[in-house]
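Secondary and tertiary structure notes
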Amino acid sequence: MIKTIPGTTLEYSEKVKTEAFSLISPILSATGGLTLSQLSKLTGLGGSTIQNWIKRGWVVNIPGKKYYEVQVIRILLINMLRGTMQLENIAVLMNYINGKVEDTSDDIIPDIDLYNIFCTIICELDEKKIYESEPIRATIKEVIKHNNNYVKEQESILENTLFIMTLAYQSSLIKAQLEQEYERLDIKRYKI
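The rules behind the values
The residue numbers shown here count from 1 along each chain, following its written sequence. Confidence filtering applies because this is a predicted model: local features only for residues at pLDDT of at least 70, side-chain atom pairs given and counted only at 80 or more, and all residues used for totals across whole chains, interfaces and linings. The side-chain quantities take in all heavy atoms of the structure and omit both hydrogens and water. Secondary structure counts use DSSP, requiring at least four H or I residues in a row for a helix and at least two E residues in a row for a strand, with both numbered from the N terminus. Note that the radius of gyration is over C-alpha atoms, with the globule rule given as 2.2 Å times the number of residues to the power 0.38. Only protein chains enter the accessibility calculation, which uses a 1.4 Å probe. A residue is then buried if its area is under 20% of the maximum for its type, exposed if over 50%, and partly exposed in between. Working rule for contacts: check all heavy atoms of both residues, and any pair within 4.5 Å makes them a contact. Methods summary: accessible areas were calculated by the Shrake-Rupley approach with a probe of 1.4 Å, and residue burial reflects only the protein chains presented. Only four residue types enter the charge count, namely Lys and Arg as positive and Asp and Glu as negative; His and the chain termini do not. Working definition for charges: the position is that of NZ of Lys, CZ of Arg, CG of Asp or CD of Glu. Aromatic pairing here means that ring centres of Phe, Tyr or Trp (its six-membered ring) are within 6.5 Å. Orientation follows from the plane angle: under 30 degrees is stacked, over 60 is edge-to-face, and everything else is tilted. Given a helix with a known number of residues, its expected span is that number minus one, times 1.5 Å. Orientation is described by axes fitted as lines to C-alpha atoms, over the contacting stretch for helices, and by angles from 0 to 180 degrees between their N-to-C directions. Any angle from 65 to 115 degrees is called roughly perpendicular, while one under 35 is roughly parallel, one over 145 is roughly antiparallel, and all others are oblique. Note that Gly is not counted as nonpolar here; it falls among the polar residues with everything else outside the nonpolar set of Ala, Val, Leu, Ile, Met, Phe, Trp, Tyr, Cys and Pro and the charged set of Asp, Glu, Lys and Arg.

So, on to the overall build of the protein chain. From N to C terminus, the protein chain includes 9 helices and 0 strands. Starting at the N terminus, the α and β elements of the protein chain follow one another as α-α-α-α-α-α-α-α-α. A compact globule built from 192 residues would reach a C-alpha radius of gyration of about 16 Å, and the protein chain, at 17 Å, matches this within 12%. Within the protein chain, the fraction of its 192 residues that count as buried is 43%. Contacts in the protein chain between residues at least 24 apart in sequence constitute 62% of all its contacts with a sequence separation of at least 6. As presented, the protein chain carries roughly 10,800 Å² of accessible surface, and 53% of it is formed by carbon and sulfur atoms. Taken as two groups, the 22 positive and 24 negative side-chain charges of the protein chain have centres that lie 8 Å from each other.

Below, the structure written as C-alpha cells:
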C-alpha cells in the first residue's frame, strides 16, 4: 500500500489518485518557491543530489535560490524512478518524452500532467494489486484517455514511456521490500 505521495515524503492522500501535484502546489504558492532544504525535506533527497541533477541538465536551471514548479515536478519524477533505473537512463527517458529540459515547446505532455497521470496509474495499480504487463498497459490507456493535454499523434510514445516508468516504480517498491526482509534475517554471523 502506498504510504507517501509518490516522489515525496508527504503522507499519502486519496486526492493523489487524480491530482497529486495539487497537494504540493499550495506549498510552492505559499513559499514563493522552495529552498534547497525545503525541497530536500519534501523529496527525502540530499541537497547535493538535487544540485547535481540540475548541473547535469536533467532539471531546468533557474537562477536564484528557490525551486519552482517546473524543477520540483522533474525532481519528483526522477526520484520516483531512481530506485531501479540508472540516472542516465531516466534522463534519456525524460528527453524521449519531453525533449530538452529547458524547452517546453517539444514536450509530448507537460511534466505536471505526466506526474499526475503517473501517480494516478501507480495508485490504481496498487489498489488493484496489478503487476502483469497487459493489465498495466490497459490501466495506462484508461488513465490517458481522461487527459487531453498531450500530443495525440505521440500517444504510443506516451503509453510506452509510462509503461517503463510504471515497471521501474513497481520494481523499486519490490526492491525496498526485499531490502527490508533481508535486514530482518538474523544473518550477522554469516557475513563474510
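Here the narrative resumes, following the displayed structure.
What follows is about the packing of aromatic side chains. For the coordinates displayed, the defined rule picks out 2 aromatic pairs. Aromatic side chains Phe21 and Tyr115 sit 6.1 Å apart centroid to centroid with 90° between the ring planes, which places their arrangement in the edge-to-face category. One end of the pair, Phe21, is in the loop between helix 1 (16-19) and helix 2 (25-31); the other, Tyr115, is in helix 7 (residues 111-128), and 94 residues separate them in sequence. Of the residues examined, Phe21 reaches a relative accessible area of 1% and is grouped as buried.

It is worth spelling out helix 5 (residues 69-81) at this point. Between the first and last C-alpha of helix 5 there are 19 Å, a value that for 13 residues agrees with the 18 Å anticipated at 1.5 Å per step. In terms of residue burial, helix 5 counts as a mostly covered element, since 11 of its 13 residues are buried. In this fold, the buried residues of helix 5 make contact with helix 2, helix 3 (36-43), helix 4 (47-55), helix 6 (87-98), helix 7 and helix 9 (155-184).

Before going further, it helps to examine the packing of helix 5 against helix 9. Helix packing geometry: the angle between the two helix axes and the distance between the axes. Where helix 5 meets helix 9, the axes come as close as 8 Å, and the angle between the chain directions of the two elements is 60°. With respect to their mutual orientation, helix 5 and helix 9 come out oblique. From helix 5, Leu77, Met80 and Leu81 reach across to helix 9, where they touch Met165, Ala168, Tyr169 and Ser172. Grouping the constituent residues of the contact of helix 5 with helix 9 by class yields 6 nonpolar, 1 polar and no charged.

Shape is all these values report; function is a separate question.
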